[in-house]
Amino acid sequence: MLEVVERWYNKIPPIHRDLPLIFYKGKYWTPKEILNEVRKGTRLGEELQRMIEARKFTDAKTLKEIAKKRLLEIIKGLPESYGVASFSGKVYTKEDLIKLVEEEKDFGKTLIERELEIVKEELYA
Amino acid sequence: MKFLILSTQYGAWCELEYGSCVAREIAEILKELGHHVRIVMKPKPEDANKAINEFAPDVVWFVGHGNTFITTLERLTHWIVDKTHCGGREDKNLNILKGKIANALSCLTAACLGKILTKYYGCNYYLGYEKEFWFLWCGCAGPDGFGCACGRWNPLPGAVRDFVNRFAVICMHESNLYFLVGLALGFTPEQAHGYSLKRFDQWIKYWENFKFKTGVERYVAALTLRLLKIDRDIQRLCKNGEYVKPEEPPTDPPEITEYAAVQVLSEPSGANIYVNGELQGTTPITLKLKAGEYTIRCELSGYKPVERKIRVKEARTYIIKFVLKEEEISPVKMMAIPLTLVGLGCIMAMLKRLSR
């Protein structure tokens, strides 16, 4: 039912609707893309709809990859001069963050772990 | 209650236009709520000890950040803890925080200190961060090479800069402020912790629903949201060496809106509240008001009515407490928490400190 997908979509924070959330048939899908595909009524849309209705998505490894992809997209979209800092004096530039996330190290690991929780919350919303 | 504020940053905060958790301002709020407050600026360790011993506070609030380049509360707390930990050599400092509630507005000051203070030093409760907290950084480097969160060196004007301002304000101040206000309102430490976490949740919701206009705004806001969630997760209240779950507070913190949020309390509660003559409800109540001047009247059967004029600015939070008496009109207690959503002045001052 389209309503189920719309309800699921509406529970996802607006700021996240353009971030990849599902990996299916070799493609990362954002909630917005999924909703559009379901609305079109294509076979692919039906398959995605069934996934959402059944809340059956993907394995843990792929979820982690989705989390990393989302983070990298966010970080790469930052202005060049932006990064993350703490009051201990640690500063990570945009480039540092990209590297840390790709290598799953240090603060990059923290970000991935947090992102994984966000992904799960939104998938099972 | 007695609140002792030990602040290394007070001087700098005086310059702030929008300081949301300026020691001076939170002190006024606490006083208006009927509490005793003492502030010690830039204390040396012996000053801090003396104040704790003489004033015998219920709550000790460490204000300062842990940047190791400057004299910080981190050194102070290090001194209190480590010097008291070495086999009696500094017995005079032992258990200095015994029976107190300690709160720290700093990542380094706070990180992992809660367990030590509550388990080995008799501190009743400790609210702080289990790990250091993180904020979005705009890296036009300051004089020392360390970054400026934003402010006058920020190359990006307007809305994007505001993101950073808002975020830094939240992380640095709000949860701490609401914890203290919660205590001052008579909540248990667990409830006050819940009160402060609710404020975090409000900000998270705000960012989740943020209507970004550009791609840059979207990515900056998205990263901000993630940092905020990480920081919320590591804010912990500690008792007897163990982390304590927050409890639901009896009153929600005022919502974050573009209106001024005016939280009206009364003693006793249940009083009718009129704004410019129109009944709004009964206390406790949170009013959403546009910027302007209002007359707020508090009436409760059997008590003298009390009236107060207030001027509010948008996107700020105010607390007004009416203390009602049967025979005579009591003074009106009014507190303003200038929780600005866009604390440019705050950030500029922060930059100054960071760049020292």
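This one's a predicted model, so the numbers in the text were calculated from it and none came from an experiment.

1. What to know about the overall build of chain B
No. 1: In terms of helices and strands, chain B carries 10 helices and 16 strands.
No. 2: Sorting the 356 residues of chain B into buried and exposed places 51% on the buried side.

2. Considering the overall build of chain A
No. 1: A count of helices and strands for chain A gives 6 helices and 4 strands.
No. 2: Across the 125 residues in chain A, those meeting the buried criterion constitute 33%.
No. 3: Excluding contacts between residues fewer than 6 apart, the proportion of contacts in chain A whose partners are at least 24 apart in sequence is 50%.

3. Quick notes on the packing of helix α4 (residues 60-76) of chain A against helix α5 (residues 94-103) of chain A
Residues and elements named next belong to chain A.
No. 1: Across the interface, α4 lies against α5 with an axial gap of 10 Å and an inter-helix angle of 170 degrees. Relative to α5, α4 is oriented roughly antiparallel. Contacts between α4 and α5 involve Lys 68, Leu 71, Leu 72, Ile 75 and Lys 76 from the former and Lys 94, Leu 97, Ile 98 and Val 101 from the latter.
No. 2: Within the contact of α4 with α5, the residues separate by chemical class into 6 nonpolar, no polar and 3 charged.

4. Points about the sheet that holds strand β3 (residues 59-63) of chain B
Across a sheet, paired strands are connected by hydrogen bonds in the backbone, their directions being either parallel or antiparallel.
Residues and elements named next belong to chain B.
No. 1: The mixed open sheet is built from 7 strands, whose spatial order is β2-β1-β3-β4-β5-β7-β8. Strand pairing shows two members of the sheet lacking a second neighbour, β2 (36-41) and β8 (242-244), which therefore form its edges. Mean inter-strand twist for the sheet, computed between neighbouring axes without regard to direction, equals 25 degrees.

5. Remarks on the packing of α5(A) against helix α6 (residues 106-123) of chain A
Residues and elements named next belong to chain A.
No. 1: Contact geometry for α5 and α6: axes closest at 7 Å, N-to-C directions at 65 degrees. As far as their axial angle goes, α6 and α5 are roughly perpendicular. Relative to α6, the crossing made by α5 is right-handed. Residues Leu 97, Leu 100, Val 101 and Glu 103 of α5 lie in contact with α6, whose contacting residues are Asp 106, Phe 107, Gly 108, Leu 111 and Ile 112.

6. A closer look at the domain arrangement of chain A
Residues and elements named next belong to chain A.
No. 1: In terms of domains, chain A is made up of domain 1 (1-57) and domain 2 (59-125).
No. 2: Taking the mean C-alpha position of each, domain 1 and domain 2 sit 23 Å from one another.
No. 3: Contacts between the two partners involve 11 residues from domain 1, matched on the other side by 10 residues from domain 2.
No. 4: Classifying every residue of the side of domain 1 that touches domain 2 by side-chain character gives 8 nonpolar, 1 polar and 2 charged.

7. Points about the nonpolar core
No. 1: Counting residues in hydrophobic clusters, the biggest one holds 63 residues, and the most contacted among them are Ile5(B), Leu30(B), Val60(B), Trp61(B), Ala102(B), Leu180(B) and Val262(B).
No. 2: Of the residues forming this core, the biggest block, 7 residues, is contributed by helix α7 (residues 159-184) of chain B.
No. 3: Residues from two domains meet in this core; each of domain 1 (2-250 + 342-355) and domain 2 (260-337) of chain B gives at least three.
No. 4: Look past the residues within four positions of Val60(B) in its chain and what remains in contact with it is Leu4(B), Leu6(B), Ile52(B), Leu97(B), Lys100(B) and Ala102(B).
No. 5: Ranked by size, the runner-up nonpolar core spans 47 residues in total, among them Trp8(A), Leu19(A), Ala85(A) and Val220(B).

8. A word on the sheet that holds strand β13 (residues 292-299) of chain B
Residue and element names in this part refer to chain B.
No. 1: Strand order in the open sheet formed by 4 strands is β11-β10-β13-β14, and the pairing between neighbours is antiparallel. In this open sheet, the two strands that pair with only one neighbour each are β11 (278-282) and β14 (306-312). Neighbour-to-neighbour, the strand axes of this sheet turn through a mean angle of 30 degrees, independent of strand direction.
No. 2: Note: strand β10 (residues 272-275) against β11, 4 bridges, orientation antiparallel. Pairing of Val 275 across the sheet is with Glu 278, part of β11.

9. Description of the pairing of strand β9 (residues 260-267) of chain B
Residue and element names in this part refer to chain B.
No. 1: Judged by how many residues are buried, β9 sits mostly within the fold: 7 of 8 residues are covered.
No. 2: In this sheet, strand β15 (residues 317-323) lies alongside β9 in parallel orientation, the contact comprising 7 bridges. The partner of Val 262 across the bridge, within β15, is Tyr 318.

10. Observations concerning the environment of Glu132(B)
No. 1: Tracing the sequence through the fold places Glu132(B) in the loop between β5 (125-129) and β6 (134-138).
No. 2: Between the C-alpha atoms of Glu132(B) and Ile234(B), which are 102 residues apart in sequence, the distance is 8.2 Å.

11. Brief notes about the environment of Pro250(B)
No. 1: You can see Pro250(B) is positioned in the loop between β8 and β9.
No. 2: For the pair formed by Pro250(B) and Ala222(B), sequence separation is 28 residues and the distance between their alpha carbons is 31 Å.

12. Concerning the environment of Lys68(A)
Residues and elements named next belong to chain A.
No. 1: The residue Lys 68 is located in helix α4 in this model.
No. 2: Linking Lys 68 and Leu 111, residues 43 residues apart in sequence, is a C-alpha distance of 8.8 Å.
No. 3: Apart from the residues within four sequence positions on either side, Lys 68 is in contact with Val 101 and Ile 112.

13. Overview of unusual backbone geometry
Residues and elements named next belong to chain B.
No. 1: Here the amide bond leading from Glu 267 into Pro 268 is cis, since omega sits at 0 degrees, within 30 degrees of zero.
No. 2: Relative to the elements of secondary structure, Pro 268 occurs in the loop between β9 and β10.
No. 3: Along the chain, Thr 283 connects to Pro 284 via a cis peptide bond; the corresponding omega equals 0 degrees.
No. 4: With respect to the helices and strands, Pro 284 occurs in the loop between β11 and β12 (285-289).
No. 5: Positive phi, normally seen in glycine, also occurs at Ala 56, with a value near 50 degrees.
No. 6: When the 11 C-beta atoms within 10 Å are taken as the criterion, Ala 56 is described as exposed.
No. 7: One non-glycine residue, Asn 240, adopts positive backbone phi at about 50 degrees.
No. 8: Along the chain, Asn 240 falls in the loop between β7 (235-239) and β8.

14. Some remarks on the confidence of the model for chain B
All names here are of chain B.
No. 1: In this model, chain B carries a mean pLDDT of 73, and residues with pLDDT of at least 70 account for 65%.
No. 2: When the criterion is pLDDT under 50, residues 140-157 qualifies, and its contacts beyond four places in sequence or with other chains add up to 54 contacts.
No. 3: At the level of chain-chain contacts, confidence expressed as ipTM amounts to 0.92, with global pTM at 0.74.

About the cut-offs
Residues numbered from 1 in each chain as written. Chains lettered and ligands numbered in written order. Predicted model: local features only at pLDDT ≥ 70, side-chain atom pairs only at ≥ 80, totals over all residues. Helix = DSSP H or I, 4+ residues; strand = E, 2+ residues; numbered from the N terminus. Buried ≥ 20, exposed ≤ 12 C-beta atoms within 10 Å, placed from the backbone. Contact = placed C-beta atoms within 7 Å. Axes fitted to C-alpha atoms, helices over the stretch in contact; angles between N-to-C directions. Parallel < 35°, antiparallel > 145°, perpendicular 65-115°, else oblique. Nonpolar A, V, L, I, M, F, W, Y, C, P; charged D, E, K, R; others polar. Pairing = 2+ DSSP bridges. Left-handed = near helix turned anticlockwise from the far one by under 90°. Domains from an automatic or database assignment. Core = buried A, V, L, I, M, F, W, Y, C linked by C-beta atoms within 7 Å. pLDDT = per-residue confidence, 0-100.

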